[in-house]
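Inside the fold
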Amino acid sequence: MYLIKRGSTYYFNRRIRTKILRISLRLTKRPEAGVRAAHLFVFVSRCIRRGMNYEKIKRLAREEAQRMHDEWVLEHFSKKPLSDYDEEIESYLQVEKQEMLHEGRVAPDQLQEVLSFIMYVTMREKTMYEWSRPKALLDSVVSIAGGDNDSLAFPKMVNSLSSYVDSFLESREESGKKANKEIQGKKRLAIEEFVELIGDKPVTTYDFNDAESFRSMLRRLPSKRKTSVAYRDLTHEEILDLNLDRSQCFSDAHIRRTLLEVKALFEWLKGRKLVSDNPFDTVSVTAKHQSYAAFSGEDFSKLFSGSVFHEESGDATRSRWWLLLIAAYTGARMGEICQLRLSDVVESDGVLCFSINDEDGKSLKTQSANRLIPVHPVLMELGFKEYLEEIKSEAKARVDEEGLPVKSSVIDSGGLLLLPSIWNGKAKAGKTASTWFGRYRDSCSVKADKDERKVFHSFRHSFIQQAMSRDIELSKIQQMVGHESSLMGTTKTYAGDGYPASILIKELGRVEINGIDIDWLKKYHWSKIYKP
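In what follows, the accompanying structure is described.

Criteria and cut-off values
Residues numbered from 1 in each chain as written. Predicted model: local features only at pLDDT ≥ 70, side-chain atom pairs only at ≥ 80, totals over all residues. Heavy atoms only, no water. Pairing = 2+ DSSP bridges. Helix = DSSP H or I, 4+ residues; strand = E, 2+ residues; numbered from the N terminus. Axes fitted to C-alpha atoms, helices over the stretch in contact; angles between N-to-C directions. Contact = heavy atoms within 4.5 Å. Parallel < 35°, antiparallel > 145°, perpendicular 65-115°, else oblique. Nonpolar A, V, L, I, M, F, W, Y, C, P; charged D, E, K, R; others polar. Buried < 20%, exposed > 50% of the residue type's maximum accessible area, 1.4 Å probe, protein only. Salt bridge = Lys/Arg side-chain N within 4 Å of Asp/Glu carboxyl O.

1. Comments concerning the sheet that holds strand 5 (residues 351–356)
Overall, antiparallel pairing links the 3 strands, which are arranged 4-5-6 in an open sheet. Each of the sheet's edge strands pairs with one partner strand only, and the pair in question is strand 4 (345–348) and strand 6 (371–374). Sheet twist, expressed as the average angle between the axes of neighbouring strands with direction ignored, equals 45 degrees. Across 4 bridges, the pairing between strand 5 and strand 6 is antiparallel. Residue pairing in the sheet places Phe354 in a bridge with Ile373 of strand 6. Across the sheet, helix 19 (residues 501–508) lies against strand 4, strand 5 and strand 6, angled at about 50 degrees from strand 6, the strand it touches most.

2. Some points on the packing of helix 18 (residues 474–481) against helix 19
Contact geometry of helix 18 with helix 19 gives a least axis separation of 11 Å together with a crossing angle of 100 degrees. In this view, helix 18 runs roughly perpendicular relative to helix 19, as classed from their interaxial angle. On the side of helix 18, the interface is formed by Lys476, Gln479 and Met480, while helix 19 contributes Ile503, Leu504, Glu507 and Leu508. Residue classes in the contact of helix 18 with helix 19 are distributed as 4 nonpolar, 1 polar and 2 charged.

3. Brief notes about the side chain of Ser458
Among the secondary structure elements, Ser458 is positioned in helix 17 (residues 458–469). Note on Ser458: relative accessible area 0%, which makes it buried. Once you skip the residues sitting within four places of it in the chain, Ser458 turns out to touch Tyr292, Ala293, Ala294, Phe295 and Arg453.

4. Describing the pattern of salt bridges
Under the definition given, this model contains 24 salt bridges. One salt bridge in this structure joins Glu212 and Arg215, with 3.3 Å as the shortest N-O distance. Separated by 3 residues within a single helix, Glu212 and Arg215 lie in helix 8 (residues 208–218), roughly one turn from each other. Arg215 gets classed as partly exposed once you look at its relative accessible area, which sits at 21%. Asp315 is the partner of Arg320 in a salt bridge, and the nearest nitrogen-oxygen pair spans 3.2 Å.

Here is the structure:
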């Protein structure tokens, strides 16, 4: 139950409260993987019983790393500096311990010790870097410990901005503002960007000038400065001195999002009386909002008579055939469709539905994106139930001697993929399909310039417009497409799961897409296409 296979590699997989813990065992043989998974299960259970989680272990490790760092600083200025040889040994051990973490070779009771050492070496190297860079040193000095005149005083990181980041992000989840892993990562990166450029100071020392300086720097820095060969070996000060053209730097839309994330952190601090003012209150960037255009009837006619629907074409696969139709008749996002598994097609209230959820490692844009969408009558008419049976039979032919699924284009770690050739389970869901659709759209001669941005997301816009044109209630449309209902107000607290599928299917059946010839699609049917 806690052991799954992805490709040829086994993974430990366990749900902890609302999250999935998934760890690569780096093993391809089931007996060995089973033993390691059993050890992990015992360790995780012990941590849960003690009220421990990885974040708590990490925080304890950081405190120990700070103690080790302070001890090193004291010895350094007591004429006991580390020799070059000792520094090399510590750096070597750090790399070795990092490899142990990645390979799962750390015993449960050693985890805190290993993390502490890795963080300590990082802190020491950061301090030595600051000593060689006066500007970096100035930014890092946040407070001086008090005491009598005879005592040594060292830089402290007490109540620094970075010390509140984890608590801020956790509190947002606890308050119901849950974000998927990708979005949560972007929030953290925005704050880390601010700390890197302005410095990790006591929260009460940031002011309007810091916020303005941050905005100014972002406008002059390239978006890929940490990965691009041209910039990755330069400090941000050196890049700023290059005076790059504005077109090479972060877009206004990105800057605005980044400022809003950091502003939200300071607003959280303000609400807890940790700061008196939010330095970002009057700092903003107005970004031009470019919405995607909906597809016209002519566009739909071109898209649904193109090479995907001709069995002899290299573009034709069953997955792409259904991808376009599901997008058109559900308004679901690209990533949501690509992540669908056979188990996500469920019956609710006597109606066959797509279950859009974030279970088993899937990710969604927002919490309200979790929903059930009835399967449109047009999809049923085109043989969707028969297609499900085809996928099941395809998978049954791919099991090992123990009856477990083997590597297959229709199976990922979470189960049978509904559209097997669309997503390999590795890259971001929808990325490969989005690239393909751009080429396909162009091959169908669908206009897509700066004035009319027509991309895969245009299916979603088109669906919403068609639903509204049929005078379907906005709250029902919002539920079907996974938007937070703007009409419910306080009432949404009592709404539960919203409208039942039996009501939604009646409304959904009224949505018709002009330009899609159903009779023609029956002639150029998915069942005639060989490739999955």
